[in-house]
Every structure is written in C-alpha cells, then in structure tokens.
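# Structural description and commentary
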Amino acid sequence: MESRSRGSMDIKEYFTRISYRGSYGKPDLATLTDIFQHHIRAVPFENLSIHCGESIELDLEATYNKIVRKKRGGWCMENNYLLSWVLKTLGYDVTLLGSKVYVPEFDAYADEIDHLLLKVVLDDKSYIVDGGFGMAYQIWQPMELISGTDQPQTPGVFRFVEESGVWYLEKVKRKQWVPNQSVSTSHNVEKEVCRRVYLFTLQPQDIEDFRSCNAHLQTAPDSLFVTKSICSLQTADGIRALVGWKLTEIKYNYKDNMDLVEIRILADEEIEKTLKEKFNITLDKKFVPTNRSRLSLF
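The following refers to the structure shown.

## Describing the overall build of the chain
Scanning the chain for helices and strands turns up 7 helices and 17 strands. Relative to a compact globule of 298 residues, whose C-alpha radius of gyration would be 19 Å, the chain shows 18 Å and is just as compact. Across its three principal axes, the chain shows a C-alpha extent of roughly 55 × 45 × 35 Å. Counting all 298 residues of the chain, 55% fall into the buried class.

Structural data, given as structure tokens:
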C-alpha cells in the first residue's frame, strides 16, 4: 500500500469529499465497488472549465485540488486519473488504458485515443473501472473483463465483446418514457437497442500519453467538449445532466423496463442556481453555456 498522502493530497480528505465512510483496509471487490459508486454520485462528469476561461491541467495535484477541495467535477482524464491514485494508495493493482469513443452520428469510433479508463486486477481477475464517462453510458460497477457475457447493472445491460485483441463496450438500452416528448431531440430514441460506447486494447498507457489528447479536446474548434458545455452526475436511481441550457433527469427502470426521461430548457438566470442545487458546483468564473453541436450525448 502506498503512502496515504502525497504532498498535500490525503485519502481521508478524498473520502470526505465523496461521503465515503466504509472500510478501506482490504483491497477487495466490495470495497472497490463501494468507493467507485460514492465517487460517481459525488463527482460530476463536467467540462465547465472550458466554458469559463479555465484550462484543464493533466496534473494529479491540480486535479485533486479541483475535485476534492473546490468540489468540482472533471472529465475522464481528471476523474480516472484521481481514481487511479486513490486505488493505488489503497493497494489495488491499477493500469491506465486508452480508448476510442463511438460517435453514433458518424457510425464510427474516434481516430485517436480520446478516453482514459482503468484496469484493476483482483484475485487473478481483471476489471474495468471507469468513473469518467458520465451521462447515461456511465457504468455503476466495475465490469469484469470477459467477452460476450451480459453484465446487468441499474443503468442497463453492459457487455464487452473482444475481437482480435480489441475490446468493445456495449450497452443495451431500455425504452424511454419522455412525458414532454416535444423537447427531446435524442438520437433514434426508439430504434436504438444496443449502443456501442467505446473500444480499447489492453496496451498499458502512461498519463503522459494523454497530454496531447487533453490539450486537443479543450481547444479544437470541432471538439465535442468545445461545442457543448456538459455537466452530469449519477444519482441513487438515475442521472441528471445539464448540456448547454437543457436539463435532463433520468430515472432508470422507472416502470415496465422503461427509463423516465424529464427534460427542461433553462433560462440563463437559472443556470448558476441549478449547478449549485443539482450538481453541488459553484464556479469561480463567469460560465457561458454552449450547445453548438448536433452530436447527441444520449
């Protein structure tokens, strides 16, 4: 087990941030799952820094300070980098992996690695731990790295499929019940049953391998993260997400194997209050909501 603090970083302060009061003396699957679930329900997946004039640093202590002390969230390279430190500190065997995210509108995966995830080995079994995907494709439990086996979770049924050393994550979605249907512009809501999420290999990565990706995604004019302001948080029974001015709240498996989807368009003056009340986020700088992309996040 590594030292429980690194510089000014302290594991107990992190546990306070995610409201985790369980044990952590034994690096087992139950502890891993419990910490992971506390993390995704406390730490939003968000890119708000890009839309309030801040840069996103690929630096562990800066990420710790942002998420733990300032009570912000972050994107994959922040959430999962911090989680890797947490898990290594507790004695877990952690490897960084890189993935390419699927874009349904193009029916294609990204050309370059654009997502960081973690592999954890426990009792000779490998698990994928990804606390930084956000939205409705965020896993709620570590997934065993086995091909072709359905792994049902509250958000839906996830599975990995392996072909020639490439692993694909898929999610089988429920139908959606959208009471105010007119607001929804979701991508093929009714037609889509199985959704590809991303592909990856088991090639170990170093955090330095993500430096160009981290810079590109927050500066490229066509980057999803530049064209959309995103903040999502997993809840006890679903997710809530603010994309631009659109607030979406989902309750998973609300009835008859359907997810309840409630959508509201916010006025400018409601944004700050909504971030505080729904996501526990208070920003230091002026935030400019953005939604200039046709790409769907659901």
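After that view of the structure, there is still more to cover.
## Points about helix α3 (residues 60–69)
For α3, the set of buried residues is Leu60, Thr63, Tyr64, Lys66, Ile67 and Val68. Measuring from the side-chain oxygen of the N-cap residue of α3 to the backbone nitrogen of Glu61 gives 3.2 Å; that N-cap residue is Asp59. Positioned one or two residues after α3, Lys71 has a phi angle of 60°, which is positive.

## Examining the pairing of strand β11 (residues 166–172)
With 7 bridges connecting them, strand β10 (residues 156–163) and β11 associate as antiparallel partners. The partner of Arg159 across the bridge, within β11, is Glu170. Connecting β10 to the antiparallel partner β11 that follows it, the hairpin turn spans 2 residues, and Ser164 within it adopts a positive phi of roughly 50°. As paired strands, β11 and strand β13 (residues 194–200) are joined by 6 bridges and run antiparallel to one another. Paired with Glu170 across the bridge in β13 is Arg196.

## Points about the packing of helix α2 (residues 29–42) against helix α4 (residues 76–89)
Contact pair α2 / α4: the axes reach a minimum separation of 12 Å and the direction vectors enclose 145°. Both α2 and α4 take part in a crossing whose hand is right-handed. Residue-level inspection shows Leu32, Ile35, Phe36 and His39 of α2 in contact with α4, the latter providing Asn79, Leu82, Leu83, Val86 and Leu87.

## Some words on the packing of aromatic side chains
Inspection of every chain in the model, using the stated rule, returns 14 aromatic pairs. Put simply, the rings of Phe133, Phe160, Trp167, Tyr198 and Phe200 touch in pairs and so form one group of aromatic residues. Between the NZ or CZ atom of Lys171 and the centre of the ring of Tyr137, over which it lies, the distance is 5.3 Å. Its guanidinium or amino end placed over the ring of Tyr137, Arg195 lies 4.4 Å from that ring's centre, counting from NZ or CZ.

## Some remarks on the pairing of β10
For strand β9 (residues 151–153) and β10, the ladder comprises 3 bridges, and the chain directions are antiparallel. Across the sheet, the residue bridging to Gln153 is Gly156, located in β10. Turn length for the β9-β10 hairpin, with the two strands adjacent in sequence and antiparallel, is 2 residues.

## Focus: the sheet that holds strand β3 (residues 45–46)
With mixed pairing, 6 strands are arranged side by side in an open sheet as β3-β14-β15-β16-β17-β12. What marks the edges here is a single partner per strand, and that holds for β3 and β12 (175–177). As judged from the 7 bridges shared by strand β16 (residues 246–255) and strand β17 (residues 258–265), these two strands associate in the antiparallel manner. Looking across to β17, one finds that Glu249 is bridged to Glu262. Relative to the sheet, helix α7 (residues 268–279) contacts β14 (230–234), β15 (238–243), β16 and β17, its axis offset from that of β15 by approximately 155°.

What counts, and at which threshold
- Residues numbered from 1 in each chain as written.
- Predicted model: local features only at pLDDT ≥ 70, side-chain atom pairs only at ≥ 80, totals over all residues.
- Heavy atoms only, no water.
- Helix = DSSP H or I, 4+ residues; strand = E, 2+ residues; numbered from the N terminus.
- Rg over C-alpha atoms; globule rule 2.2 N^0.38 Å.
- Buried < 20%, exposed > 50% of the residue type's maximum accessible area, 1.4 Å probe, protein only.
- Polar contact = N/O pair within 3.5 Å; in protein donor to acceptor, adjacent residues only side chain to side chain.
- Pairing = 2+ DSSP bridges.
- Axes fitted to C-alpha atoms, helices over the stretch in contact; angles between N-to-C directions.
- Left-handed = near helix turned anticlockwise from the far one by under 90°.
- Contact = heavy atoms within 4.5 Å.
- Phe/Tyr/Trp six-rings, centres within 6.5 Å; stacked < 30°, edge-to-face > 60°.
- Lys NZ or Arg CZ within 6 Å of the ring centre and 35° of its normal.

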